[in-house]
Amino acid sequence: MLELRNISLLFPEFSLKDVNLSIHEGEYYVILGLSGAGKSLLLECIAGMQQPNTGQVFLDGEDITRKKIQDRNVGYVFQNHAVFPHLNVFNNIAYSLRHKFPKEIIRQKVIKAAELVSIDHLLDRQPNTLSGGESQRVALARTLIRDPKCLLLDEPFSSLDVQLRDDLRALLRKLNRMGRTIIHVTHDYEEAISLAQKIAVFQDGKLIQQGDPFEVFANPVSEFVARFRGIRNFFKSKMISHNQTIIKNVIPLDIPIQEKISEGFIMFNSTDVKISKEKPTGKISNLFKGQITDIIPNFKGNEISIASEINLTSFIDHPELKILQLKIGDEVWASINPERIKFLPII
Amino acid sequence: MVRTDSFSLVLSLLGAIILLFIIAPLAGLLLDTPLAKIFETTQDEQVVNSIWLTLSASFGGTLFCAVFAIPLAYVLARNEFTGKRFVLGIIDLPIVIPHSAAGIAVLGFISRDSVFGQMASNIGLDFVGHPFGISMAMAFVSIPFLINAARDGFSSIPIRLEQAAKNLGANSVRVFFTISLPLAWRYILSGFIMMFARGLSEFGAVVIVAYHPMITPVLIYERYTSFGLKYARPVAILFILVCLVFFIALRFLVQNKSRQNQKKYLIKK
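Residues numbered from 1 in each chain as written. Chains lettered and ligands numbered in written order. Predicted model: local features only at pLDDT ≥ 70, side-chain atom pairs only at ≥ 80, totals over all residues. Heavy atoms only, no water.

On to the pairing of strand 2 (residues 15-23) of chain A, then. Strand direction decides the pairing type here: strand 1 (residues 2-10) of chain A and strand 2 of chain A, joined by six bridges, are antiparallel. Residue pairing in the sheet places Leu4(A) in a bridge with Leu21(A) of strand 2 of chain A. (Pairing = 2+ DSSP bridges. Helix = DSSP H or I, 4+ residues; strand = E, 2+ residues; numbered from the N terminus.)

Set out below in structure tokens:
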């Protein structure tokens, strides 16, 4: 339905490089990346606000790369909503219908669109009296009333509190179930995973991984993607036998037995990095001596950064931290059970 | 009791001197003129005609120029191009050149010796000594106020709003008339008032282009040089009062609209 072929957009300080994407009808597609990764620029290329230096944009098989913004029929909901401040809610929603339909038809369509996003009680209000969530629904209704071929959402959750996020998530799922193709840009992993049928991860203007969200995050191709999932221990490695790999060419690590010997990445959860002040006795695999460089508490426990031959991150709960009496600067022993390590070969 | 530090006191005193500098001559003008004399002046046909001429010449010139100045302001606000700074410099030129020199320049442009003057003459229009010539002289010295205010107005509109309108299917013309112009109107109206006001007060440029028919600033000058201060004063007071009524009314219109919006916001909150 929507296809981007070799899109490049060059600026003096930033570039989008050779982006290829294919989005099918009715799909909920999430583009995930940090702020400044070029996600919004990509949406602007689709909507026509930016002209790519190279590459083409196809919508339903038609090349729309050079088409004017107003002739594309893709709906764009901006991050700051861009609700027209001089028009009330009704007139904002009716904007695209003026001079095209009789007044009564416009009224019916506006009410229907407003009901869909639950703002039918706000139609007489001025935009400066709306909350962030209400203003966003106005922008959404205003876009949906045109029945665009696909809906582009730029960080739609950024200005909403937790309650409103849940409501909007439900609304977006509902719209998608109604057959609406949605392309949603975000920097939030949980937001992405909760909505996406397909996902693309962006880094520094490049699309580094795309596909089914479960596949992408189960098999990240870089530390960047792994970090989105909250995996702090992610290293490039090279296998030297069927059950041993080396990191940085010298540091050996035992892993579960693999079929093929290859290069790839290893990753393990922070909860699988066990730490102790005394050196563990007996035969322990993957044992490292290091120093605690940081302890970051949160409501579940504590994230502990350890500087060692490789930089490790461990996670322990609050009672355990009390028992171990750990503090920054302490020397500790960290071990990782080989069975808890996942090896991802580079394909 | 609010404590005032000595520095604030010094600043206030210095500011008060400037306020006095503005108020004193105007108050002197008003106090030195008997009310009966001002009333008598309102019956003076020459004065009344000159005030109407001044108001209509300035308003007409402002209105006519707005048709061209507003699009120029929009182009300047929304586009970057080579030579833009040069164009901006040209727009500010009438403010910095002496107004008698501006009058000479306008006269050279509209006199029968010029191409433009000859073309106008061919259709039976002679700008020199004509209200149109007066309008041109007034507009020449005051147009920067309108262009700059409108440009500030258009620049203040987030480009996202115009893009959002296009994304909703509106073409550039519709975006201009339904988004850009309504959102910049307060700036434009403010610039319109400034240009109109500046045109009303113009003397130097107008007196060179057209001594007759007499606009009020020229009439005040003529009454002063021919009959003295006593005869010029009531005309000056009457003109000041008329100008004040106009500006207060126009300012009120602009501010009233914004207050209404603010009130709506406060009630709904």
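Okay, back to it.
Residues and elements named next belong to chain B. Residue position: serine 50 is located in helix 3 (residues 45-78). Look at serine 50 and you get buried, because its relative accessible area is 3%. Engagement of the side chain of serine 50 in a polar contact is seen with the backbone oxygen of valine 47, the distance being 2.9 Å. If we ignore the near neighbours within four places in the chain, the residues touching serine 50 are Met214, Ile215, Thr216 and Leu219. (Buried < 20%, exposed > 50% of the residue type's maximum accessible area, 1.4 Å probe, protein only. Polar contact = N/O pair within 3.5 Å; in protein donor to acceptor, adjacent residues only side chain to side chain. Contact = heavy atoms within 4.5 Å.)

Take the nonpolar core next. Counting residues in hydrophobic clusters, the biggest one holds 65 residues, and the most contacted among them are Leu21(A), Leu42(A), Phe84(A), Leu152(A), Ile183(A) and Phe154(B). For this core, the element with the most residues is helix 3 of chain B, which contributes eight residues. With residues near it in sequence (within four places) discarded, Phe154(B) still touches Ile70(B), Ala73(B), Tyr74(B), Ala77(B), Arg78(B), Phe176(B), Ser180(B), Leu181(B), Ala184(B) and Ile188(B). Counting residues in each nonpolar core, the second largest holds 45 residues, with Ile106(A), Val117(A), Ile182(A) and Ala196(A) among its members. (Core = buried A, V, L, I, M, F, W, Y, C linked by side-chain atoms within 4.5 Å.)

A separate point is the sheet that holds strand 4 (residues 54-59) of chain A. All names here are of chain A. Strand order in the open sheet formed by four strands is 2-1-4-5, with antiparallel pairing between adjacent strands. Only two strands of the sheet have a single neighbouring strand rather than two, namely strand 2 and strand 5 (62-63). Its contacts with the sheet put helix 1 (residues 39-47) on strand 1, strand 2 and strand 4, and the angle it makes with strand 1 is roughly 115°. (Axes fitted to C-alpha atoms, helices over the stretch in contact; angles between N-to-C directions.)

With that out of the way, let us pick up the sheet that holds strand 15 (residues 273-276) of chain A. Residue and element names in this part refer to chain A. The strand order across the open sheet formed by five strands is 15-19-16-17-18, and the pairing between neighbours is antiparallel. Looking at the sheet topology across the chains shown, the edges are occupied by strand 15 and strand 18 (312-316). Taken pair by pair, the neighbouring strands of this sheet meet at an average axis angle of 45°, ignoring direction. Pairing of strand 17 (residues 302-307) with strand 18, which is carried by five bridges, proceeds in the antiparallel orientation. Note that in strand 18 the partner of serine 305 across the bridge is threonine 313.

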